[in-house]
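# Coordinate inspection notes
The residues making up each chain are set out below.
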Amino acid sequence: MRFVDKIVLIVGGNSGIGLAAAIGFAREGATVIITGRDQVTLDKAIHDIGAAAAFRADVADTESMVPVVEEIRRMHGRIDVLFVNAGVGAFAPVREVTRELWDHIHDINLRGCFFAVQKALPLMGRGSSIVVTGSIGSLAGVPGNAIYAASKAGLRAIVRILATELVAEGIRVNMVSPGPTETPLIRRNVGMDESAVESLRQVMISVVPMKRMGEPEEIARPVLFLASDEASFITGVDLFVDGGCLEL
Ligand SMILES: NC(=O)c1ccc[n+]([C@@H]2O[C@H](COP(=O)([O-])OP(=O)(O)OC[C@H]3O[C@@H](n4cnc5c(N)ncnc54)[C@H](OP(=O)(O)O)[C@@H]3O)[C@@H](O)[C@H]2O)c1
């Protein structure tokens, strides 16, 4: 019960890794507030998590988090844990990358996540912590992954900078970078049909030393650790949770 009396905001908490983390935080006593774009899964997640509230907010709109944070200020007065997890993917070889696809991914993964942190910060004080979802894709040389990889590499740089900016205020900032994980994300990759998705899945499994995809709960557990007081002397890290992909 590491999160009793804690107010936890999860940006992208209605699916996959974010949903698994939301369930984990709630089980350990947190008051959980989630955001996402899809009203149907937001409504379902409130029920599954026992979340205090769910807000529809698209981080591509950098002002979308303002009313969310204002409502949390009114209801709870503070945020103890901010988990910025929203993200989308797309595979495209360099010759097929369009400006629209580039902007779509970066507006969410990089700019959107940065401004979500900025909007939440006024409610965060000493002892609070921020966890951001990166990806091992930011370091791995995966063909066709340039746009996504660049967005996550940028986010990793931001995490390091924010950790240094906020350390004197007693706010820790860390990243969890998953390897291939069984979530709806691959199926939602822009421009991929079902057979392309399945071949990508098989390729991903083949490159994981553990020869399997991770489960969302296996990513959520390290997120909870880094968010908790157990990690009180840890800030600025990028923790790879990837079945050994980058390590072995
Ligand atoms: N699955 C993997 O293999 C893998 C590997 C490395 C990193 N990651 C990262 O893990 C994070 C979670 O992804 P996942 O695998 O759990 O996939 P997912 O099930 O598709 O979840 C993505 C989450 O992000 C939210 N989101 C996406 N765009 C958003 C936007 N514009 N505004 C607000 N919320 C938005 C989604 O909400 P809606 O459903 O409402 O859009 C959903 O809650 C992402 O950052 C992803 O890049 C995943």
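Source: prediction; values computed, not measured. Along every chain, residues carry numbers that run from 1 in the direction the sequence is written. At least 70 in pLDDT is required for a residue's local features to be given in this predicted model, at least 80 for side-chain atom pairs to be given and counted, and no such filter applies to totals for whole chains, interfaces and linings, which use all residues.

## Comments concerning the overall build of the protein
Broken down by element type, the protein carries seven helices and seven strands. In the protein, the order of α-helices and β-strands from amino to carboxyl end is β-α-β-α-β-α-β-α-β-α-β-α-α-β. For the radius of gyration, the atoms used are the C-alpha atoms, and the globule rule reads 2.2 Å times the number of residues raised to 0.38. Its C-alpha radius of gyration of 17 Å places the protein within 12% of the 18 Å reference for a compact globule of 248 residues. If you line up the protein on its principal axes, its C-alpha atoms span 50 × 35 × 35 Å. Here the protein holds 248 residues, and 43% of them are scored as buried. Summarising the internal contacts of the protein: among those between residues at least 6 apart in sequence, 72% fall at separations of at least 24. What counts as a helix is a DSSP run of H or I of at least four residues, what counts as a strand is a run of E of at least two, and both are numbered from the N terminus. Partly exposed residues are those falling between the two cut-offs: more than 12 but fewer than 20 other C-beta atoms within 10 Å of their own, whereas 20 or more means buried and 12 or fewer means exposed, with C-beta atoms placed from the backbone. Contact between two residues is assigned whenever their backbone-derived C-beta positions fall within 7 Å.

## Some details on the nonpolar core
For the purposes of this analysis, a nonpolar core is taken to be any set of buried Ala, Val, Leu, Ile, Met, Phe, Trp, Tyr and Cys residues that are connected through C-beta atoms within 7 Å. Ranked by internal contacts, the top residues of the largest apolar core, which has 56 residues, are Ala22 and Phe83. A per-element tally of this core places helix α1 (residues 16-27) first, with seven residues. Each residue touching Ala22, except ones within four places of it in the same chain, is listed here: Ile10, Gly13, Val32, Ile34, Ala45, Ile49 and Ala51.

## Let's talk about the packing of helix α4 (residues 99-120) against helix α5 (residues 146-166)
The geometry of α4 relative to α5 is characterised by a closest axis approach of 9 Å and an angle of 15° between their N-to-C directions. By the angle class used here, α4 and α5 are roughly parallel. In this structure, the crossing between α4 and α5 has a hand that is right-handed. Facing Leu101, Trp102, Ile105, His106, Asn109, Leu110, Cys113, Phe114 and Val117 of α4, the residues of α5 in contact are Ile147, Tyr148, Ser151, Lys152, Gly154, Leu155, Ile158 and Leu162. When the residues that make up the contact of α4 with α5 are grouped by side-chain class, the tally is 12 nonpolar, four polar and one charged. To obtain each axis, a line is fitted to C-alpha atoms, and for helices this fit is confined to the stretch in contact; angles are then taken between N-to-C directions over 0 to 180 degrees. Working definition: roughly parallel below 35 degrees, roughly antiparallel above 145 degrees, roughly perpendicular at 65 to 115 degrees, and oblique for all remaining angles. Crossings are sorted by hand: turned counterclockwise from the far helix by less than a right angle, the near helix makes the crossing left-handed, and turned clockwise it makes it right-handed. The residue classification treats Ala, Val, Leu, Ile, Met, Phe, Trp, Tyr, Cys and Pro as nonpolar and Asp, Glu, Lys and Arg as charged. All others, Gly included, are polar.

## Concerning helix α2 (residues 39-50)
Expected helix span is given by 1.5 Å per residue-to-residue step, counting one fewer step than there are residues. In this model α2 runs 16 Å from its N-terminal to its C-terminal C-alpha over 12 residues, within 8% of the 16 Å that 1.5 Å per residue would give. For α2, every residue scored as buried is listed here: Leu42, Ala45 and Ile49. Seen from one end, α2 has its buried residues packed into an arc of 60°, which puts them on one side. For α2, the exposed residues set more than 90 degrees away from the buried face come down to Val40, Asp43 and His47. In this description, one arc is meant: the one made by directions from the helix axis to the C-beta atoms.

## Focus: the site of the ligand
Near, as applied to residues and a molecule or strand, means the residue's backbone-placed C-beta atom lies within 6 Å of it. Taken together, 31 residues lie around the ligand, and Gly12, Gly16, Gly36, Gly87 and Leu185 are the ones closest in. Every element with two or more residues in the shell around the ligand is listed here: α1, β2 (31-36) and α4. Looking at the shell around the ligand, the element that brings in the most residues is α1, giving three residues. Of the residues in the shell around the ligand, the class split is 10 nonpolar, 17 polar and four charged.

## Digging into unusual backbone geometry
One non-glycine residue with positive phi stands out, namely Asp5, at about 70°. With 9 C-beta atoms counted inside 10 Å, the residue Asp5 sits in the exposed group. The phi dihedral of Lys211 falls on the positive side, at around 55°, and the residue is not glycine. Along the polypeptide, Lys211 turns up in the loop between α6 (194-207) and α7 (216-227). Of the residues examined, Lys211 has 10 C-beta atoms within 10 Å and is grouped as exposed.

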